[in-house]
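A structural walkthrough
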Amino acid sequence: MQSRVLHLHVFDYDRFSRDDSIGEVFLPLCQVVDLSEKPSFWKALKPPAKDKCGELLTSLCYHPSNSILTLTLLKARNLKAKDINGKS
């Protein structure tokens, strides 16, 4: 598990057109000290360009008995507006 990298890619939802990419984050699980303690932390989204995209607050929980990693998205903040109306 410690050799894995978690990749999160955030999109806005568009009902009648293609969803837009807001940003992504790569989290090497070796950087997470103890997954059994359900760590929570903010990670900055990295855009395809160099501008800021926002941040995600996530919580991770690993159950070694059945090899299940649970990711919970708690909040998002400062997401970059991708729609023409200034929202995402």
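Above this text you will find the structure in question.
Residues numbered from 1 in each chain as written. Predicted model: local features only at pLDDT ≥ 70, side-chain atom pairs only at ≥ 80, totals over all residues. Heavy atoms only, no water.

**Some words on the overall build of the protein**
- Tallying secondary structure elements over the protein gives zero helices and five strands in all.
- Each helix and strand of the protein, placed in order from N terminus to C terminus, yields the pattern β-β-β-β-β.
- Contacts spanning at least 24 positions in sequence make up 34% of the contacts within the protein whose residues lie at least 6 apart.
- Just so you have it, the protein exposes about 6400 Å², and 53% of that area is on carbon and sulfur atoms. (Helix = DSSP H or I, 4+ residues; strand = E, 2+ residues; numbered from the N terminus. Contact = heavy atoms within 4.5 Å. Areas by Shrake-Rupley, 256 points an atom, 1.4 Å probe, with all protein chains shown as cover.)

**Some words on the nonpolar core**
- Residues Leu6, Leu27, Val32, Leu45 and Leu60 are the most contacted members of the largest nonpolar core, which totals 15 residues.
- Breaking this core down by element, the ones donating at least two residues are strand S1 (5-11), strand S2 (21-28) and strand S4 (55-63).
- Setting aside its immediate chain neighbours within four residues, leucine 45 contacts Val10, Ile22, Gly23, Glu24, Val25, Cys53, Gly54, Glu55, Leu56 and Leu79. (Core = buried A, V, L, I, M, F, W, Y, C linked by side-chain atoms within 4.5 Å. Buried < 20%, exposed > 50% of the residue type's maximum accessible area, 1.4 Å probe, protein only.)

**Focus on the sheet that holds strand S5 (residues 68-77)**
- An order of S3-S4-S5 is seen for the three strands of this open sheet, with the pairing classed as antiparallel. Only two strands of the sheet have a single neighbouring strand rather than two, namely strand S3 (40-44) and S5. Here the average twist between neighbouring strands, direction ignored, is 30°. (Pairing = 2+ DSSP bridges. Axes fitted to C-alpha atoms, helices over the stretch in contact; angles between N-to-C directions.)

**A word on unusual backbone geometry**
- Within the chain, serine 67 stands out as a residue other than glycine whose phi angle is a positive 55°.
- Within the secondary structure, serine 67 sits in the loop between S4 and S5.

**Topic: the pairing of S5**
- Note that S4 and S5 share nine bridges and pair antiparallel. The residue bridging threonine 58 from the neighbouring strand is leucine 73, located in S5.

**A closer look at the pattern of salt bridges**
- Overall, the coordinates contain one salt bridge when judged by the stated rule.
- Between glutamate 55 and arginine 77 there is a salt bridge, and its shortest N-O distance comes to 2.6 Å. One end of the pair, glutamate 55, is in strand S4; the other, arginine 77, is in strand S5, with 22 residues separating them in the sequence. (Salt bridge = Lys/Arg side-chain N within 4 Å of Asp/Glu carboxyl O.)

Everything listed here is a matter of geometry and, on its own, says nothing about what the molecule does.
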